[in-house]
Amino acid sequence: MLLVLPMGISEQASAAPAAEHADSSADDGRTVPAYLDAEDPDRVVRVFSVKFWGRAGERRYITSRVLASQPKSTSDSLLMASVSVSCSPGDGVTNAGATQNVMRGGSAVFTPRFVYVVPRTGMVGCVLVASGLRPRPASGSTSSNVWQVAPGSYLSVSEPMGWWAATLATVSSSRIVERGERWTPIASVVPVGPGETSFELTSDHKVTTCSAVGGSRDSTTGGRELCDGRVSTGGSKVRLVVSAVQLDRKGSACATAQRFTTTRLVRPDVHHAMVFSKSLVQVSKAPSCVPRFAIRGSIEQVGGADLVIHAPSERTSVLQH
């Protein structure tokens, strides 16, 4: 069961036997300035917040949906919209984010999500923040350059999940893939509950088409813009392939691989994009099989400009269906 936070509402949920309850609170708002300097702390807006009581080792699925809408009145033709969800305290995966350029009068949907493991018994706080920048400044009213978190957006926290629910991340650094190349940042073997007949597999990847140099670096690139010397205005066609292979006791495949493919064209104006996948994986009860799967998430550059795959934003989750 998911506890959904409508606009302007904070949800408090207890892992104790007491019933769940809600309370309203005043978050910063839903208008996100893109015109402020990148170093100005006021450019980051806290939109939603969640507090809940968690027990050590508990697993909660943190999900969100942000409909980013750019007014027709902005002087810039496009704005960069970013959102990030984080929970504390924590070890391991404690955050997820999404970024994309939004066109004047247009919108984009962001869905950062991850499994959060409570590190110690006590209160947990999760927040969703939003920010914006001006990749292509134009003349006109600077303060008109804002984007909106539209109605229907939310942050949610699930009730405690099974012991095997997990989000997989990568410790690799971000990299460039050229036409026809593929990178597999997610490759892990994970267990599922022994009584499960199926499970949900989500996989989220942030990519940047090299339509400009800016925006092609992150915390793993050592300050380098990976698109330097690679700029092309053609955009990039991207294919995400997520696979799940069930294993036997020796670690060999015991059933046919289950593969799920998502293809997206990342237009040059969009520049940054999130490629999302959500699939249902069947669990075989064959005598040779055990409830253990090899999970892989691969991004392939199918055509167009060179592509950056941002390792810090890789999130693949294994969940109860």
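This text follows the structure it describes.
Presented here is a report on the structure given in the accompanying data block. Keep in mind it's a predicted model, so treat the numbers as computed, not measured. (Residues numbered from 1 in each chain as written. Predicted model: local features only at pLDDT ≥ 70, side-chain atom pairs only at ≥ 80, totals over all residues. Heavy atoms only, no water.)

Turning next to the overall build of the protein. Within the protein, the regular secondary structure consists of zero helices and 22 strands. Relative to a compact globule of 321 residues, whose C-alpha radius of gyration would be 20 Å, the protein shows 20 Å and is just as compact. Across the 321 residues that make up the protein, the buried fraction comes to 50%. Here the contacts in the protein between residues at least 6 apart in sequence split such that 79% fall between residues at least 24 apart. As displayed, the protein offers around 13,900 Å² of accessible surface, 49% of which is attributable to carbon and sulfur atoms. Considering the protein, the positive charge centre built from 33 side chains and the negative charge centre built from 26 side chains are found 6 Å apart. (Helix = DSSP H or I, 4+ residues; strand = E, 2+ residues; numbered from the N terminus. Rg over C-alpha atoms; globule rule 2.2 N^0.38 Å. Buried < 20%, exposed > 50% of the residue type's maximum accessible area, 1.4 Å probe, protein only. Contact = heavy atoms within 4.5 Å. Areas by Shrake-Rupley, 256 points an atom, 1.4 Å probe, with all protein chains shown as cover. Lys, Arg positive; Asp, Glu negative; His and termini not counted. Charge placed at Lys NZ, Arg CZ, Asp CG, Glu CD.)

Applying the stated rule across the entire model yields three disulfides. Across a sulfur-sulfur distance of 2.1 Å, Cys 87 and Cys 126 are joined as a disulfide pair. Its S-S torsion of about 110 degrees marks the bond between Cys 87 and Cys 126 as right-handed, since a negative value means left-handed. Of this pair, Cys 87 sits in strand 7 (residues 78–88) while Cys 126 sits in strand 11 (residues 122–133); the two residues are 39 residues apart in sequence, bridging distant segments of the chain. There is a disulfide in this structure between Cys 210 and Cys 227, and the S-S distance comes to 2.1 Å. In this structure the cystine formed by Cys 210 and Cys 227 twists about its S-S bond by roughly -80 degrees; its chirality is therefore left-handed. Of the two residues, Cys 210 is situated in the loop between strand 17 (198–209) and strand 18 (236–248) and Cys 227 in the loop between strand 17 and strand 18; the sequence distance between them amounts to 17 residues. Its relative accessible area of 0% is what places Cys 210 among the buried residues. Assigning the bonded cysteines of the protein consecutive numbers by sequence position, one obtains the connectivity 1-2, 3-4, 5-6. (Disulfide = S-S within 2.5 Å.)

All right, on to the layout of surface pockets then. Reported here for the largest pocket is a volume of approximately 580 Å³. Lining the largest pocket are 22 residues, with Thr 99, Lys 206, Arg 217, Asp 218 and Ser 313 positioned closest to its centre. Going through the elements one at a time, strand 7, strand 8 (95–103), strand 11 and strand 22 (307–320) are the ones with two or more residues in the lining of the largest pocket. Ranked by residues supplied to the lining of the largest pocket, first place goes to strand 8 with five residues. (1 Å grid on protein atoms, 1.4 Å probe; cavity = no way out; pocket = protein on both sides within 12 Å on 5 of 7 lines; lining within 4 Å. Points joined across faces, edges and corners; volume = space filled by probe spheres on them.)

What follows concerns the side chain of Asp 76. On the secondary structure map, Asp 76 appears in the loop between strand 6 (59–69) and strand 7. With a relative accessible area of 0%, Asp 76 lands in the buried category. Polar side-chain contacts of Asp 76 include one of 2.9 Å to the backbone nitrogen of Ala 138. Asp 76 has contacts with Gln 70, Arg 104, Arg 134, Arg 136, Pro 137, Ala 138 and Asn 145, leaving out every residue within four places of it along the chain. (Polar contact = N/O pair within 3.5 Å; in protein donor to acceptor, adjacent residues only side chain to side chain.)

Turning next to the nonpolar core. Formed by 31 residues in total, the largest nonpolar core has its most connected members in Phe 52, Ile 62, Phe 110, Phe 114, Tyr 116 and Trp 147. When residues in this core are grouped by element, the largest group, five residues, is from strand 5 (residues 45–54). If near-sequence neighbours (up to four positions away) are discounted, Phe 114 is found in contact with Arg 60, Tyr 61, Ile 62, Val 85, Cys 87, Val 93, Thr 94, Asn 95, Ala 96, Thr 167 and Ser 317. With 28 residues, the next largest nonpolar core counts Val 177, Val 207, Val 281 and Ile 295 among its residues. (Core = buried A, V, L, I, M, F, W, Y, C linked by side-chain atoms within 4.5 Å.)

Okay, the pairing of strand 5 next. Burial analysis of strand 5 places seven of its 10 residues in the buried class, the great majority of the element. Sheet topology places strand 5 next to strand 11; nine bridges connect them, and they run antiparallel. Each bridged residue has a counterpart across the sheet, and for Phe 48 the counterpart in strand 11 is Leu 128. (Pairing = 2+ DSSP bridges.)

A few words on the side chain of Arg 315. Inspection of the secondary structure assignment puts Arg 315 in strand 22. For the buried Arg 315, no salt bridge exists, and the shortest N-O distance to an oppositely charged side chain is 7.8 Å, to Glu 314. Apart from the residues lying within four places of it in its own chain, the contact partners of Arg 315 are Val 93, Asn 95, Ala 96, Arg 113, Thr 167, Leu 168, Ala 169, Thr 202, Ser 203 and Asp 204. (Salt bridge = Lys/Arg side-chain N within 4 Å of Asp/Glu carboxyl O.)

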